[in-house]
Amino acid sequence: MTRRHTPEADLQRAVVQTLRVALPRTAIIHHCANEVAEPGPRGAKRQAILVGMGVHAGFSDLMVLCDGRVLCLELKAPKGRLRPSQEAFRDAVLAQGFGWALVRSLDDALGALADHGFTSRVQLPVRRPSP
């Protein structure tokens, strides 16, 4: 069976594995399946059901809860761009005082932990503020 090239899914699996090692065992790393990939009327109906159950447009790929901190991680391929719904979600999360980060690599994920004050079982990279 041939796998399609899925850079964001591959990155997400690697980030989840890394966070499971880096964060305390009590940390919760959660992915919310937010979209139905099935095309056509059947997929639209399933998506409508999920929205009725509380699915939120633009919700981040991963949510990390640990030691009273919340961090939302949006994973993107190197050239991937945020959709307007993802930008709106980011803005709402930040306005409420929670952490949000765009992640394009494992270093980005570990740096986001450090930037948001997460305790780690591994040494996190020192990050410099963006100019």
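Thresholds, definitions, all that
Residues numbered from 1 in each chain as written. Predicted model: local features only at pLDDT ≥ 70, side-chain atom pairs only at ≥ 80, totals over all residues. Heavy atoms only, no water. Helix = DSSP H or I, 4+ residues; strand = E, 2+ residues; numbered from the N terminus. Buried < 20%, exposed > 50% of the residue type's maximum accessible area, 1.4 Å probe, protein only. Contact = heavy atoms within 4.5 Å. Areas by Shrake-Rupley, 256 points an atom, 1.4 Å probe, with all protein chains shown as cover. Core = buried A, V, L, I, M, F, W, Y, C linked by side-chain atoms within 4.5 Å. Right-handed = clockwise from strand over helix to strand, strands pointing away. Phe/Tyr/Trp six-rings, centres within 6.5 Å; stacked < 30°, edge-to-face > 60°. Lys NZ or Arg CZ within 6 Å of the ring centre and 35° of its normal. Pairing = 2+ DSSP bridges.

Undergrad: Honestly, the overall build of the chain in this entry has me stumped. Any pointers?
TA: When its secondary structure is counted, the chain shows four helices and four strands. Counted from the first residue to the last, the chain has its helices and strands arranged as α-β-α-β-β-α-β-α. For the chain, the proportion of its 131 residues judged to be buried stands at 34%. A separation threshold of at least 6 residues defines the contact pool for the chain, and within that pool the share at least 24 residues apart is 60%. For the chain, the computed accessible surface area is about 8,800 Å², with 56% contributed by carbon and sulfur atoms.

Undergrad: What am I meant to see in the nonpolar core here?
TA: Note on soluble globular proteins: their nonpolar side chains tend to be buried together. Judged by nonpolar contacts, the single largest core of 21 residues is most densely connected at Val15, Leu19, Leu23 and Leu73. Contributing elements (two or more residues each) for this core: helix 1 (7-22), strand 2 (62-66), strand 3 (69-75), strand 4 (99-103) and helix 4 (106-115). The next biggest cluster of nonpolar side chains, apart from the first, holds six residues, and it includes Met63, Leu82, Phe89 and Trp100.

Undergrad: What should I look at first to understand the pairing of strand 4 in this one?
TA: Across a regular strand the side chains alternate sides, sitting on one face of the sheet and then on the other. Of all five residues in strand 4, four are buried, a share of seventy percent or more. In the classification by handedness, the crossover that spans strand 3, the intervening helix 3 (residues 84-95) and the parallel strand 4 is right-handed.

Undergrad: What exactly am I supposed to notice about the packing of aromatic side chains here?
TA: Given two aromatic rings, one states the distance between the centres and the angle between the planes to describe the pair. Evaluation of the coordinates by the stated rule reveals one aromatic pair. When the centroid spacing of 4.9 Å and the interplanar angle of 45° are considered together, the rings of Phe59 and Phe89 count as tilted. Of this pair, Phe59 sits in the loop between helix 2 (40-52) and strand 2 while Phe89 sits in helix 3, and the two are 30 residues apart along the sequence. Judged by relative accessible area, Phe89 falls into the buried class, the value being 6%. A cation over an aromatic ring shows up here: Arg90 above the ring of Trp100, its NZ or CZ 5.8 Å from the ring centre.

Undergrad: Help me understand the pairing of strand 3 in this model?
TA: For strand 3, the buried fraction is high: five of the seven residues fall into the buried class. Between the end of strand 2 and the start of strand 3, which pair antiparallel, lie two residues, with Asp67 showing a positive phi angle near 50°. Alignment of strand 3 against strand 4, held across five bridges, turns out to be parallel. Each bridged residue has a counterpart across the sheet, and for Glu74 the counterpart in strand 4 is Leu102.

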